[in-house]
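Residue-level structural notes
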Amino acid sequence: MKFIKTALAAAAVTFGLHASVASANIEVRLGHVGGPGSLFEITANRFAELANERLDGAAEVNVYGNSQLGSDESMMRRLRLGSLDLAIPSTVMSSEAEEFALFEMPYLIEDREHMKRVRDEVVRGPLYEAAQAKGFNIIAVWENGFRQITNNVRPITTPEDLSGIKLRTPSGVWRIEMFRSYGAAPSPMSLSEVFVALQTGAMDGQENPLIQTYSSRFHEVQDYLSISNHVYTPAYLTAGASWNRLPEDVRNVLQEVALELEDFALEEGQRLDDETLVLMRDAGMEVNEVDFDAFVTASQSIYDTFANDVDGGQEMLDSVAALRE
């Protein structure tokens, strides 16, 4: 009997060690397309740092940035299959669920304080539900940012100035239609391909938040920066099929840290906008502001299409408008 008890005790210890080792070997892979110095990189790395401190060996978050795991579209497929744990999609979400085209509406978001209210009262409602219906679980709402236009042809002041300009856009159909309605010749392209396209003249310009433009070195191959603020794009820390396979305590830590970083992402976004604009001026880019009223007027058709074509579209637009101060 003593032998049996000893053997059982030894087995229990061995099992405990194996369970501990197995737990410690859990890798939570987080992918994003942001380049070095981008807001995506800053936020993702801060998330991994804080989460790993609190996980204390139960699991480890590893970040794969700069499109190491492919384009946004590729990472969305991996989330759905469960071969990637977390990603930070932005515009691409409008291709996954039409409700996310809300954030394709130009001049929808006034400022980041407005966005906080929209995040808490609109995004966590119909948009979370739309993502879940497609097999995705949004863990938190971070930031991509206010988008600006760069190009090598001319300063953009009115929509007419975009006429004929070959403009790279993300793959969301709404962004393409918006710029087409302004007279540009938009083409979707993965972010990792844009520098060469601008350098060779295959594309005349692109539109992105300032820090994404700067961290991707587009200022090195672009002459004009037009401050348009035409679209504000959130970024969504998103899980897929592998989420429920993670231990509950691990999921709880990831969720907790992700939510804590929501305001951090907004604050970093503002800081980076201010600092990056100075850097881009210093790099020699010619900077101007657009005629905002002209762009708002030219954007009415895209609002009408969204309200008519997207289920609940007008209600979402009204909800966002009601949260303006």
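Residues numbered from 1 in each chain as written. Predicted model: local features only at pLDDT ≥ 70, side-chain atom pairs only at ≥ 80, totals over all residues. Heavy atoms only, no water.

1. Section: the overall build of the chain
Check the secondary structure of the chain and you find 12 helices and 10 strands. With respect to the principal axes defined by its C-alpha atoms, the chain has extents near 90 × 40 × 30 Å. The buried share of the chain, reckoned over its 325 residues, is 52%. By sequence separation, contacts in the chain at least 24 residues apart represent 76% of the contacts at least 6 residues apart. In the structure as shown, the chain presents an accessible area of about 14,100 Å², 50% of it carried by carbon and sulfur atoms. Averaging the coordinates of the 26 positive side-chain charges in the chain and doing the same for the 50 negative ones gives two points 8 Å apart. (Helix = DSSP H or I, 4+ residues; strand = E, 2+ residues; numbered from the N terminus. Buried < 20%, exposed > 50% of the residue type's maximum accessible area, 1.4 Å probe, protein only. Contact = heavy atoms within 4.5 Å. Areas by Shrake-Rupley, 256 points an atom, 1.4 Å probe, with all protein chains shown as cover. Lys, Arg positive; Asp, Glu negative; His and termini not counted. Charge placed at Lys NZ, Arg CZ, Asp CG, Glu CD.)

2. Section: the packing of aromatic side chains
Scanning all chains against the criterion turns up seven aromatic pairs. For the ring pair F47 and W142, a centre distance of 5.6 Å and an interplane angle of 65 degrees mean the geometry is edge-to-face. Of this pair, F47 sits in helix α2 (residues 39–55) while W142 sits in strand β4 (residues 137–151); the two residues are 95 residues apart in sequence, bridging distant segments of the chain. When the centroid spacing of 5.2 Å and the interplanar angle of 90 degrees are considered together, the rings of Y182 and F295 count as edge-to-face. In this pair, Y182 is assigned in helix α6 (residues 173–182) and F295 in helix α10 (residues 292–298), connecting sequence segments 113 residues apart. Among the aromatic residues, those joined into a cluster by ring pairs are F179, Y182 and F295. (Phe/Tyr/Trp six-rings, centres within 6.5 Å; stacked < 30°, edge-to-face > 60°.)

3. Section: the side chain of E143
Among the structural elements, E143 can be located in strand β4. Residue E143 is classed as buried on the basis of its relative accessible area of 2%. One polar contact links E143 to R112, side chain to side chain, over a distance of 2.8 Å. A polar contact is formed between the side chain of E143 and the side chain of Y232, at a distance of 2.7 Å. Here E143 is in contact with L39, F40, R112, Y232, T233, P234, A235, A265, L266 and G269, once residues within four sequence places are set aside. (Polar contact = N/O pair within 3.5 Å; in protein donor to acceptor, adjacent residues only side chain to side chain.)

4. Quick look at the pattern of salt bridges
Within the structure shown, the criterion is met by 20 salt bridges. The partner of R147 in a salt bridge is E207, with the nearest N and O atoms 2.8 Å apart. In this pair, R147 is assigned in strand β4 and E207 in strand β7 (residues 205–209), connecting sequence segments 60 residues apart. The exposure class of R147 is buried, given its relative accessible area of 1%. Of the charged contacts, one joins E268 and R271 as a salt bridge, the two residues approaching to 2.7 Å between their closest N and O atoms. In this pair, E268 and R271 both sit in helix α9 (residues 248–282), three residues apart, roughly one turn of the helix. It is possible to trace a salt-bridge network through shared partners that takes in R119, D120, R124, E262 and D263. (Salt bridge = Lys/Arg side-chain N within 4 Å of Asp/Glu carboxyl O.)

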